[in-house]
Amino acid sequence: MESLMAEGLRSRSSGLKPIETKRKWGIEEYNMVTVEDEPLSPMARLFHDRRFDVHAVAFMACKTRISPQPVKEKLVHTLLKHPRFTSLMVVDEENLTDMKWVQTKIDLDQHIIIVEVDETQMESLDKFVEDYIYNLSKTSLDRSKPLWDLHIINVKTRQAESVVVFRVHHSLGDGTSLISLLLACTRQTADDLKLPTIPTKKRRPTPSGYSAKEGLWRLLGKFWLFLVMLLNTAVDVFMFIITIMFLKDTKTPISASADFESNKARRIVHRIISLDDLKFVKNAMNVTINDVALGLTQAGLSQYLNRRYAIGGKDKGATERSNNLPNGIRLRSCLCFNLRSSAGIEDLANMMESGSKGKRGWGNWFGYALLPFKIALRDNPLDYVKEAKATVDRKKRSFEALSTLIMAELLIKFFGIKVATEVTCKGFSNSTICFTNLVGPQEEIGFCGYPITYFAPSTYGQPSALMINFQSYINKMIIVVSVDENAIPDPHQLLDDFEDSLNLIKNAVIEKGLVKNLK
């Protein structure tokens, strides 16, 4: 099996050095098709530091086996119309901090890798795909080509007939931009002319016709909220600064090792649960899907850590009063917030169709926020969701992400990219988790004409030993974890704990009669 994976990765190269040229942007040397170029944004340059060499991956499970030729033909008219995916990252040798995207001709055969195996020789095809992605995470994209590739794995798994792994260097764009672009390359299977539809948050109607007294109270309420946000921001920024300086999370069994640079490989596994179950809890408790997702994550992590702390010692139980968890565990996620006005799926599709070079809503322009996780066992499972809601509501009333973005740009401007990278790595390494929750299509979609049963995004190369992604798709919620196996050797058990936690919360809603709220 190892030899098959090596064959599948034969065209990959570690290529850790960016392209350099003695002549200022030596366009002729690289067969460039246009003289247009664009400087890398400060945040994109950060991702080219060896300590923060982060790659985004999205794997799509398809209902049929895939032929590469239709995929190539479709990509020419979609993905390759986006300038980032036909650009080299070029560095001026005279000024190594001067990095630009420069357009080039592209050979699709160098970017599309076809993996064919003798399925009769495989003990577990699901394990083969999992190991293939794990081995892929040990490599970096070749800087001598545009920084993306597509792996087509034609093997039958439990949930699909084939799997497509789309890998992109994170310097090309933030997670929101990349997922939006991927979805802009898909169409609804029921109508291949229609783009996917993504549910959006409905705005509350603005009341009209209120009296002058009511208007004054509304104005005072907004002013008070602004003061609260300023106070919360001051506290959050202070906590962020001391986290970078010295305030580390509690050392737990899932903490990353100090020498994470020597082992950036990640085991990426997933679990599909019912989105309807999350909506059931959401409606019964009058919270958001994000609150439920965070609540079941805190519950699952608490159960998992309680079990891990019992290893090698006396098991005290798994109740609120008697358990193995130390008191006062500090465990946080370093969240990345996209602060750019993101282009929608339709905007990106129109841009690719017209061949426009517009960059509205594209790139890396994000800030950081520290999201505390409550690690404790609760006899009432609904407490996990209530605590998650309180945490999220508090974070919504803060300009922390915007403030950290400004701080990062000032660091880059006055102290250089190396200092900014060191600060960013400190923020991630002194916290424990990366956590995201993304909204997906409401109907079945097809990639290059092939219907998708599910798709799931993740990353590797980040300092954290654990990354958790929630991705919705039709009536499914896909939980994806990217783990350092030195810290989390049993990621499937962690997924079991997440799924069990959702069932506990759902059953508690029914037992306590909250289902009446739905009537």
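Above: the structure in question.
Residues numbered from 1 in each chain as written. Predicted model: local features only at pLDDT ≥ 70, side-chain atom pairs only at ≥ 80, totals over all residues. Heavy atoms only, no water.

> Could you clarify how one ought to interpret the overall build of the protein chain in this entry?
Secondary structure assignment for the protein chain yields 13 helices and 17 strands. When burial is assessed residue by residue, the protein chain has 54% of its 519 residues classed as buried. Sequence-distant contacts in the protein chain: of pairs separated by 6 or more residues, those separated by 24 or more amount to 80%. Carbon and sulfur atoms make up 55% of the accessible area of the protein chain, which totals about 24200 Å². (Helix = DSSP H or I, 4+ residues; strand = E, 2+ residues; numbered from the N terminus. Buried < 20%, exposed > 50% of the residue type's maximum accessible area, 1.4 Å probe, protein only. Contact = heavy atoms within 4.5 Å. Areas by Shrake-Rupley, 256 points an atom, 1.4 Å probe, with all protein chains shown as cover.)

> Got a minute to help me understand the sheet that holds strand β3 (residues 55-62) in this structure?
Within a beta sheet, neighbouring strands are joined by backbone hydrogen bonds and run either parallel or antiparallel to one another. In spatial order, the strands read β6-β7-β8-β3-β15-β14-β9; together these seven strands make up an open sheet with mixed pairing. On the outer flanks of this sheet lie β6 (112-115) and β9 (186-188), each paired with one strand and no other. Across this sheet, the average inter-strand angle for adjacent strands is 30 degrees, counted without regard to direction. As paired strands, β9 and strand β14 (residues 445-447) are joined by three bridges and run antiparallel to one another. If you follow Q188 over to β14, its bridge partner there is I445. Running over the sheet, helix α3 (residues 68-77) touches β6, β7 (148-153), β14 and β15 (450-460) and is turned about 155 degrees from β7. Relative to the sheet, helix α5 (residues 175-184) contacts β3, β8 (162-169), β9, β14 and β15, its axis offset from that of β9 by approximately 55 degrees. (Pairing = 2+ DSSP bridges. Axes fitted to C-alpha atoms, helices over the stretch in contact; angles between N-to-C directions.)

> Explain the packing of helix α6 (residues 212-245) against helix α11 (residues 400-415) here, please?
A packed helix pair is summarised by two numbers, namely the angle formed by the two axes and the spacing between the axes. Contact geometry of α6 with α11 gives a least axis separation of 9 Å together with a crossing angle of 50 degrees. It follows from the interaxial angle that α6 and α11 lie oblique. Between α6 and α11 the crossing geometry is right-handed. Along the contact surface, α6 presents T233, D236, V237, F240 and I241, while α11 presents E400, S403, T404 and M407. The class makeup of the residues in the contact of α6 with α11 is four nonpolar, three polar and two charged. (Parallel < 35°, antiparallel > 145°, perpendicular 65-115°, else oblique. Left-handed = near helix turned anticlockwise from the far one by under 90°. Nonpolar A, V, L, I, M, F, W, Y, C, P; charged D, E, K, R; others polar.)

> Sorry if this is basic, but what is going on with helix α10 (residues 382-396) here?
Since the α-helix packs 3.6 residues into each turn, any two residues three or four apart lie on the same face. The end-to-end C-alpha separation of α10 is 21 Å, in line with the 21 Å expected for 15 residues at 1.5 Å each. Listed in full, the buried residues belonging to α10 are L382, Y384, V385, A388, T391, V392, D393 and K395. (Expected span 1.5 Å × (residues − 1).)

> Even after reading the chapter, I still don't get α11, so can you show me in this structure?
Relative to the 22 Å expected for 16 residues at 1.5 Å per residue, α11 spans 21 Å between its end C-alpha atoms, a close match to the ideal helical length. All buried positions along α11 are accounted for by E400, A401, S403, T404, L405, A408 and I412.

> Quick question: what am I supposed to make of the nonpolar core here?
In a soluble, globular protein the nonpolar side chains are often hidden away together inside. Counting residues in hydrophobic clusters, the biggest one holds 69 residues, and the most contacted among them are V71, W148 and F447. Of all the elements, β3 adds the most residues to this core, at seven residues. Not counting the four nearest positions on each side in its chain, F447 is found in contact with M60, V71, L75, L150, V164, L182, C185, T186 and I452. (Core = buried A, V, L, I, M, F, W, Y, C linked by side-chain atoms within 4.5 Å.)

> Is there a simple way to think about the packing of aromatic side chains in this case?
Each aromatic ring pair is summarised here by two numbers: the centre-to-centre distance and the angle between the ring planes. Applying the stated criterion to the full structure yields eight aromatic pairs. On the numbers, 5.8 Å between centres and 75 degrees between planes, the contact of F373 with F435 is edge-to-face. Highlighted residues: F373 in strand β12 (residues 366-373) and F435 in strand β13 (residues 433-438), separated in sequence by 62 residues. Each member of the pair F373 and F435 is classed as buried. With a centroid separation of 5.8 Å and an interplanar angle of 55 degrees, the aromatic rings of F435 and F470 are classed as tilted. Residue F435 is located in strand β13, and its partner F470 is located in strand β16 (residues 466-473); the two are separated by 35 residues in the primary sequence. Residue classification places F435 among the buried residues on the basis of a relative accessible area of 7%. (Phe/Tyr/Trp six-rings, centres within 6.5 Å; stacked < 30°, edge-to-face > 60°.)

> Sorry if this is basic, but what is going on with the pattern of salt bridges here?
As a working rule, side chains carrying opposite charge can pair if their charged atoms are close by. One pass over the full model with this rule turns up 22 salt bridges. Of the charged contacts in the structure, one is a salt bridge between E116 and R65, with a shortest N-O distance of 3.3 Å. Placement of E116 in the loop between β6 and α4 (125-136) and of R65 in the loop between β3 and α3 is noted, with a sequence separation of 51 residues between them. Taking the relative accessible area as the measure of exposure, R65 reaches 40% and is therefore partly exposed. When the shortest N-O distance is used, the salt bridge between K395 and E400 registers 2.7 Å. (Salt bridge = Lys/Arg side-chain N within 4 Å of Asp/Glu carboxyl O.)

> Hey, could you run me through the packing of helix α7 (residues 275-285) against helix α13 (residues 491-511) in this one?
Two numbers describe how α7 lies on α13: the axes approach to 10 Å, and their chain directions differ by 40 degrees. In terms of axis orientation, α7 runs oblique to α13. Note that α7 runs across α13; the crossing there is left-handed. From α7, D277, L278, F280, V281, A284 and M285 reach across to α13, where they touch L502, I505, K506, V509 and I510.

Such coordinate-based values are descriptive only and should not be taken to indicate function.
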